[in-house]
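Report on the structure
Residues per chain are reported as follows:
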Amino acid sequence: MASVKFSDPNPRATVTLHELSAVQATARRHLTFSMTLACPLKCGHCIVGAGPDQGATTMPVEVARQYASQMPQLFEYGIRMVSFTGGEPLLAKEQVRALSTAATNSGMVCGIVTAAHWATSASAAMRIINHLPGIQTWDISVDAYHEDFLSLDKVRFAYLASKRLGKRGILRFAYHEPLTDRDRQLLAFMAEFADETDVCSQRIRSVGRASNLEIVRGDREVTLSKPCVTKGLVIRYDGTMSPCCINLVEERRHPFQFGDARERPLTEIHTEYMAHSLLQMIRVIGFGDLLRWLAEIGIDEKTLGPMPEDVCDLCPQIMTNRKWADALACRAAQPENRLRIAILASRILGEHDMLQQVVRELQDHAADIEGFELAAALAAETAQTPVGAQYS
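Because the structure is predicted, anything quoted here is derived from the model rather than measured.

Our focus in this paragraph is the nonpolar core. In terms of nonpolar packing, the biggest core is built from 115 residues, with Phe33, Phe84, Leu99, Trp118, Trp138, Leu171 and Phe287 touching the most fellow members. Beyond its immediate stretch of four places on either side in the chain, phenylalanine 84 contacts Phe33, Met35, Pro89, Val96, Leu99, Ser100, Cys110, Gly111, Ile112, Val113 and Ile135.

Okay, here's the thing in structure tokens:
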């Protein structure tokens, strides 16, 4: 029998506008909890710098239960998916169990990203997965850096156990670009036992501990014209928040701040997240206008420094500069721009939260804002769409 061979990851893959919109829509329905920065591993490519010495960062059980009690309201609001990440989220097993059980009982689907250190045998893997019945999707990390700390057998045990128990098993493969010999060996390893459609590939990024790596980039076109494709709000272990689970996930120097999640209803926080002018602007139309705005105040490409290949790398380059970010957030929050962004989010992404909120807040200034009547009519029309029907 000929051996199975998986295809190389293709960072240049194209998508249709419909496919892109489907990915962008995830942010409205998806909520992630970063449970801890603790991890039994200390991988060289970790974007959050997780490790064995980070136990003090773990979300307390009582806080997890507080969030769990809000799951019915979150479902009614429109959240349909809940994810758990870290660090290693299974070091907060009881917290994950409380949250995932409440979410599943409310009608949501839950997933977890894990390094599979716990899958010491086939039976051990089955036992852990059975202990968390609320988790339907198991993302098992596999890459050259994890292998420094755990055997590949654990990856195999975890993946196969998830499949045997009727769960969705995913192999989350982090790779170098161009692929190294070790990356290719790992692709061959996965082909021995997994379905290629269960492999989710993502290139290694120069963030966190990975910023110390000498990552060689392949020759490819700059893709700064694409929009932000965040998969949604992240609630961290300490009640702080991140607008995405990629380059800003553990970054604190950004303008997307929404208070302390331990002190506010999560639905209220998420509503503000979905109505943040600057965030919604980069989600809908990308970074082109932002670069133009920066140029108008004297921040040109020379000042910005080397332009990265991807918007996920450009975002922290801009947003962690307090002066630049404040200027951009201020301009995006101008009434005319807020209204324009809200209309685009409604028309392009089918997200109406921001439009309805902006129309309410600007009602007293309607005569001074061009296009307000059209926006108000659209807001009234979309207000008739039930939340469950819109986001299910």
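Once you've had a look at it, read on.
Right, let's get into the packing of helix H10 (residues 277–285) against helix H11 (residues 288–296). Between H10 and H11, the shortest axis-to-axis distance is 8 Å and the interhelical angle comes to 125°. One finds that H10 runs oblique with respect to H11. In this structure, H10 uses Leu278, Met281, Ile282 and Ile285 to contact H11, whose residues at the interface are Asp289, Leu290 and Trp293. For the contact of H10 with H11, a count of residues per class yields six nonpolar, no polar and one charged.

With that settled, consider the pattern of salt bridges. One pass over the full model with this rule turns up 24 salt bridges. For glutamate 192, the salt bridge goes to arginine 156, with nearest N and O atoms at 3.5 Å. You can see glutamate 192 sitting in the loop between helix H8 (181–191) and strand S6 (199–203) and its partner arginine 156 sitting in helix H7 (residues 152–164), a full 36 residues away along the chain. What makes arginine 156 partly exposed here is its relative accessible area of 24%. Taking the shortest distance from any N to any O, the salt bridge between arginine 203 and aspartate 313 comes out at 3.0 Å. Placement of the pair is arginine 203 in strand S6 and aspartate 313 in helix H13 (residues 311–319), with a sequence separation of 110 residues. Residues arginine 203 and aspartate 313 agree in their burial class; the two are buried.

Now for the state of the cysteines. Inspection of the entire model under this criterion finds zero disulfides. With no disulfide partner, cysteine 39 has as its closest neighbouring cysteine sulfur the one in cysteine 43, 6.2 Å distant. A relative accessible area of 10% places cysteine 39 in the buried class. Sulfur of cysteine 200: no disulfide; nearest cysteine sulfur belongs to cysteine 245 and is 10 Å away. Judged by its relative accessible area of 28%, cysteine 200 is partly exposed.

Criteria and thresholds
Residues numbered from 1 in each chain as written. Predicted model: local features only at pLDDT ≥ 70, side-chain atom pairs only at ≥ 80, totals over all residues. Heavy atoms only, no water. Core = buried A, V, L, I, M, F, W, Y, C linked by side-chain atoms within 4.5 Å. Buried < 20%, exposed > 50% of the residue type's maximum accessible area, 1.4 Å probe, protein only. Contact = heavy atoms within 4.5 Å. Axes fitted to C-alpha atoms, helices over the stretch in contact; angles between N-to-C directions. Helix = DSSP H or I, 4+ residues; strand = E, 2+ residues; numbered from the N terminus. Parallel < 35°, antiparallel > 145°, perpendicular 65-115°, else oblique. Nonpolar A, V, L, I, M, F, W, Y, C, P; charged D, E, K, R; others polar. Salt bridge = Lys/Arg side-chain N within 4 Å of Asp/Glu carboxyl O. Disulfide = S-S within 2.5 Å.

Note that all results are geometric; they support no functional claim without further evidence.
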